[in-house]
Amino acid sequence: MERADTDAAMPAPRPSDSSSPSDAQPVLELRGICKRFPGVVALDHVGFDLRLGEVHVLVGENGAGKSTLVKILSGIYQPDEGEILLDGQPVTLRTPHEAQRLGISTVHQELNLVPHLDIGRNIFLGREPTRGPGGLVDYPTLYRLAEEQLRALGIAIDPRRRVRTLGVALQQMVEIAKALVADARVLILDEPTAAITAEEAEQLFRIVDQLRARGTAIILISHHLEDATRAGDRVTVLRDGKWVATMPMAETSPREMIRLMVGRELTQQFPKEETKPGEVALRVEGLTRRGVLHDVTFEVRRGELLGIAGLVGAGRSELARAIFGIDPIDAGTITIHGKPARITSPREAIRHGLALLPEDRKQQGLVLPLSVADNIVLAAPNRIGTKVGAPPAARQSVARRFIGALRIRTPSARQPVRLLSGGNQQKVVLAKWLLTEADIFFFDEPTRGIDVGAKVEVYRLMNELLERGAAIVMISSELPEVLGMSDRILVMRGGRIVAELDGRTATQEEIMAHAAAADESMEAIA
Amino acid sequence: MSGSARIATEGAAARQARLPAIGSFWQTAGPLASLFVLGFAIWLVEPVFLSQTNLLNVARQASLTAILGTGMTFVILTGGVDLSVGSMVALASVSGGYLMIQQGWSMWPAVAVMVLVGGLCGLFNGLVITLGRIPPFIATLGTMQIFRGAALQLTAGKPFFDITKTHPQFDIWGTREYAGIPAPVIITLVVFTIGFLILRYTRLGLYTYAIGGNEQATRFSGVNINRYKLGVYVLMGLAAGVAAVMWSSRLNSTQPTVATGEELNAIAAVVIGGTSLFGGEGTIVGTLIGALLMAVIRNGLTLMHVSAFYQQIVIGAVVILAVLIDRLQRRNA
Ligand SMILES: Nc1ncnc2c1ncn2[C@@H]1O[C@H](COP(=O)(O)OP(=O)(O)OP(=O)(O)O)[C@@H](O)[C@H]1O
Ligand SMILES: [Mg+2]
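Participant: For the overall build of chain A, give the residues involved together with the corresponding values.
Facilitator: When helices and strands are tallied, chain A shows 18 helices and 22 strands. Taking 24 Å as the expected radius of gyration for a compact globule of 526 residues, we find that chain A reaches 23 Å, a close match to that expectation. In terms of overall dimensions, chain A has a C-alpha envelope of 70 × 50 × 45 Å along the principal axes. Going through the 526 residues of chain A one by one, you find that 58% of them count as buried. Within chain A, residue pairs in contact and separated by at least 24 positions form 69% of the contacts whose partners lie at least 6 positions apart. Split by element, the accessible area of chain A, about 20,400 Å² in all, is 50% carbon and sulfur. For chain A, the distance from the average position of its 65 positive side-chain charges to the average position of its 69 negative side-chain charges is 6 Å.

Structural data, given as structure tokens:
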């Protein structure tokens, strides 16, 4: 049964003044591009062309080869075969620097900021404005320009703040600002909206529209087909590293794109099953962390999926972190299965049957050099051996079940997880927590970067957990997902719970109204 | 998750999953190839290199570095380093000499104490690093002085010679041969095998890699980081204790100045073996090859009558070269 409005496509205000992209000349063209990695053919004779003033969307399942294509275009990887033409001339892009010099600017899927530097310096890294004959960095100008760029993106933040102190969503916005100040002819955005909420995405797409009108050529990668439809002029579908189709956006639909990506029809986007909530699994009362969380009280029952919605910075991830013992709390009590619990470290949380899938997979979710198998078993040592032992064969056989179930695309269970595509890495983090013996799950943006087909499998796995009597708290910035899967929905704003809604009757508008209501509470925090 | 395999369509993911993965083998292939090429080259110039006596000699020379390198691999895999191992060997050594010569202990309890002293030194390092939250480099830079100072203080700076005169059995660890194989080589192989098994088959091994790869993510997974770090430094200490027994027996004396600078050889062996100094990546087999490679170079140059000064220059160059080759390999991956 499909209950939520799955087609969340926003009406696309297409700029009518821009020339129709179909008659524009290709600024960038790829011919017969191949790229192989040990055990993987990432790109298999892929052709692609990009015209001035168009937004060309690239879609495909996790591991289809989208980011590999991007990395070839930005000078990180060299193609094994094929040629790249820029303005009709063959070019070789040997280094990222060379690509930038030729006017290709990229926002990569993985964040690439220097955490100890402040926002302004990150944005202008390598192209600092200078002054005087000595070429001294002109910091006042740098910070002013950085602030302007961020404001254009709808972000009001001090550019002197260190990037380290920002959450993933803000880091993503800094990354986008960094690509924009380059003022490139070709702008590549690899899943720019995976980590941000609809609000910021809307702002980003407004800028994309402006750039397109100015003649910038843009490649956009997204698993949100609504974004694709909203912003794109043409779409190219990749599957298993092969080119499948290139179509004008106006002549296709999300449904057709999915069929071409996955190779089969997808009937249900949100396979929600009705369960009968049992007794209270977790009760949080008056939880307070000064300046971050204020008097948060809620409960979640066995067999219940509690969605938490809110804008970036509303305190959703912070709530999960506090309950999981990562951040200390100033006041409040936590009751688990009727017994009071004092949790001061993740280890104690896990011992109480809690699990937290963190929002930042690279920093908090994964051990990148470790194999897929070892990452999956890391939080559940009891599943793989004795008190001391952890034989590799056992680790791998446990992991292989999830590689199959979640369709993790990897040459083997022993592949270092850093070599997987972004979406497949996210699946590994999911598998890790699904394997634990936990019965109270906190999923913070669980499907970030996961393709449409695999999302359904993730929801199915959640259903199984609920059937087994687990309680799930799902923090998500994707409202269709929150609406489609939750039994109840909490809306947070400024570190408080401001509304509780019924999952069956709530609407996007209702959630947004609560999430963004006049922000007097923000001042209270500051 | 019993019924997790609910997916009807077997996608490309499953098809790809059957292709073989390469990885850990190639990590050690580079150093191994260098070892063979180098051995072959030396043999061309000095055929005596491949004689049984000489090869056993090389193995014996590699033993101290290999034993310490085994422990050092664990430490470096966690992203740490232990600069105090040379001093630990010295303190463990002289403790044994002191007990046997000065206090008249018999050999077995004295040897047990030597290993134990190593373990306690490691425990001390581990406590300073975990509870004191001092970076390993700084913590062990300090204990390097402390342990060496303690060794000198205990013996008033003087060595104990000729231990076999009072304890004739003491030569079993360092000079005797069993079925033609020198004792140090056997001890090295035993330590190496234990290290290999721990790293591959136990939780401690898994977490050693995990902590070095991403400590935060590992902590969020509920792993008791401090406990396993402590374990790693204790292992390092025990290895130093064993090395002390072997080495004192070989020298038939214990000296407070012994094994000075040995920490650097151990670190070099680990690095040549392809382990990342940032932690998280590497193998213990690589370390053994690294230790052998250094011994082969020294032996070969000695056979060719190259001065010890040049040998040092060459070893230094090899360390840099090994890391450079590793970098280049990684870039292609
Ligand atoms: N450096 C590498 N070494 C080995 N395999 C790699 C490497 N980079 C990518 N791959 C593999 O190539 C394939 C394509 O990866 P890519 O990152 O391009 O996928 P993607 O389409 O961007 O997927 P996602 O939607 O998950 O981001 C994947 O199977 C991935 O595991
Ligand atoms: Mg990608």
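There's more to say after this.
Participant: Lay out the coordination of the magnesium ion (ligand 2) with the relevant residues and their values.
Facilitator: Residue and element names in this part refer to chain A. The coordination sphere of the magnesium ion (ligand 2) contains the protein donors Ser-67 (OG) and Gln-109 (OE1), at a distance range of 1.9 to 2.1 Å. With Ser-67 in helix 1 (residues 66–73) and Gln-109 in the loop between strand 6 (104–107) and helix 3 (119–123), the pair connects residues that are 42 residues apart, well separated along the chain. Note on Ser-67: relative accessible area 16%, which makes it buried. Given the relative accessible area of 14%, Gln-109 is considered buried.

Participant: Residue-level account of the sheet that holds strand 17 (residues 339–341) of chain A, with values.
Facilitator: Whether parallel or antiparallel, the strands of a sheet pair through hydrogen bonds between backbone atoms. Residue and element names in this part refer to chain A. Strand order across the open sheet formed by four strands is 14-13-16-17, with antiparallel pairing between neighbours. Because the sheet does not close on itself, it has two edges, and the strands there are strand 14 (293–301) and strand 17. With strand direction ignored, the average angle separating the axes of adjacent strands in the sheet is 20 degrees. Across five bridges, the pairing between strand 13 (residues 280–289) and strand 16 (residues 331–336) is antiparallel. Looking across to strand 16, one finds that Leu-282 is bridged to Ile-336. Sheet contacts for helix 9 (residues 316–323): strand 13, strand 14 and strand 16; angle to strand 14, the most-contacted strand, approximately 75 degrees.

Participant: Describe the pattern of salt bridges, and please don't skip the residues or the numbers.
Facilitator: Opposite charge on two side chains permits them to pair, given that their charged atoms come into close proximity. Throughout the structure, instances matching the rule amount to 42 salt bridges over all chains. Among the ionic pairs, B:Glu281 bridges to A:Arg418, the shortest N-O distance being 3.4 Å. One end of the pair, B:Glu281, is in the loop between helix 12 (262–272) and helix 13 (284–303); the other, A:Arg418, is in the loop between helix 13 (392–405) and helix 14 (422–435), on a second chain. Assessed through its relative accessible area of 14%, B:Glu281 is described here as buried. Residue A:Arg418 is classed as partly exposed on the basis of its relative accessible area, which comes to 35%. Here the salt bridges do not stand alone but share partners, grouping A:Glu202, A:Asp209, A:Arg212, A:Arg230 and A:Asp233 into one network.

Participant: Run through the pairing of strand 20 (residues 471–475) of chain A, naming residues and quoting values.
Facilitator: Residue and element names in this part refer to chain A. For strand 20, a buried count of five out of five residues is recorded, marking the element as mostly surrounded by other parts of the structure. Side chains Ala-471, Val-473 and Ile-475 project from strand 20 onto one buried face, and the interleaved Ile-472 and Met-474 project onto a second face that is buried too. One ladder, built from four bridges, connects strand 15 (residues 305–310) with strand 20; its direction is parallel. Across the sheet, the residue bridging to Ile-308 is Ile-475, located in strand 20.

Participant: Tell me about the interface of chain B and chain A, and name the residues and values.
Facilitator: Taken together, the contact pairs 39 residues of chain B with 58 residues of chain A. Between chain B and chain A, the buried area comes to about 4,100 Å², and carbon and sulfur atoms account for 56% of it. Across the chain B-chain A interface, the total number found is one salt bridge. In this assembly, chain B and chain A are joined by 12 residue pairs in polar contact (both at pLDDT 80 or more). Looking at the side of chain B that touches chain A, the elements with two or more residues in it are helix 1 (12–16), helix 8 (183–201), helix 9 (203–213) and helix 10 (215–220) of chain B.

Participant: Talk me through the nonpolar core; I want residue IDs and the actual numbers.
Facilitator: Soluble, globular proteins show a tendency: their nonpolar side chains are buried together. Core analysis: the largest hydrophobic core is formed by 144 residues, its most contacted members being A:Leu282, A:Phe298, A:Leu319, A:Ile323, A:Phe443, A:Ile472 and B:Leu68. Ranked by residues supplied to this core, first place goes to helix 11 (residues 225–251) of chain B with 12 residues. If sequence neighbours within four positions are ignored, A:Ile472 has contacts with A:Val300, A:Glu304, A:Leu305, A:Leu306, A:Phe441, A:Phe443, A:Met462, A:Leu465 and A:Leu466. By size, the runner-up hydrophobic cluster in this structure holds 51 residues, among which are A:Met173, A:Val237, A:Met257 and A:Val262.

Participant: Let's hear about the site of ligand 1: which residues, and what values?
Facilitator: Residues and elements named next belong to chain A. Of all residues adjacent to ligand 1, which total 23 residues, the nearest are Gly-63, Ser-67, Thr-68, Ser-421 and Gly-423. Measuring from an oxygen atom of ligand 1, one finds a side-chain N or O atom of Ser-67 at 2.7 Å. Contact between ligand 1 and Tyr-77: a nitrogen atom at 3.2 Å from a side-chain N or O atom of the residue. For ligand 1, the protein covers 96% of the area, taking 640 Å² as the surface of the free molecule. For the shell around ligand 1, the secondary structure elements donating two or more residues are strand 2 (40–51), helix 1 and helix 14.

The rules behind these values
Residues numbered from 1 in each chain as written. Chains lettered and ligands numbered in written order. Predicted model: local features only at pLDDT ≥ 70, side-chain atom pairs only at ≥ 80, totals over all residues. Heavy atoms only, no water. Helix = DSSP H or I, 4+ residues; strand = E, 2+ residues; numbered from the N terminus. Rg over C-alpha atoms; globule rule 2.2 N^0.38 Å. Buried < 20%, exposed > 50% of the residue type's maximum accessible area, 1.4 Å probe, protein only. Contact = heavy atoms within 4.5 Å. Areas by Shrake-Rupley, 256 points an atom, 1.4 Å probe, with all protein chains shown as cover. Lys, Arg positive; Asp, Glu negative; His and termini not counted. Charge placed at Lys NZ, Arg CZ, Asp CG, Glu CD. Donors = N, O, S within 2.8 Å, 3.2 Å for Na, K, Ca; no water. Pairing = 2+ DSSP bridges. Axes fitted to C-alpha atoms, helices over the stretch in contact; angles between N-to-C directions. Salt bridge = Lys/Arg side-chain N within 4 Å of Asp/Glu carboxyl O. Buried area = accessible area lost by both parts, 1.4 Å probe. Polar contact = N/O pair within 3.5 Å; in protein donor to acceptor, adjacent residues only side chain to side chain. Core = buried A, V, L, I, M, F, W, Y, C linked by side-chain atoms within 4.5 Å. Near = heavy atom within 4 Å.

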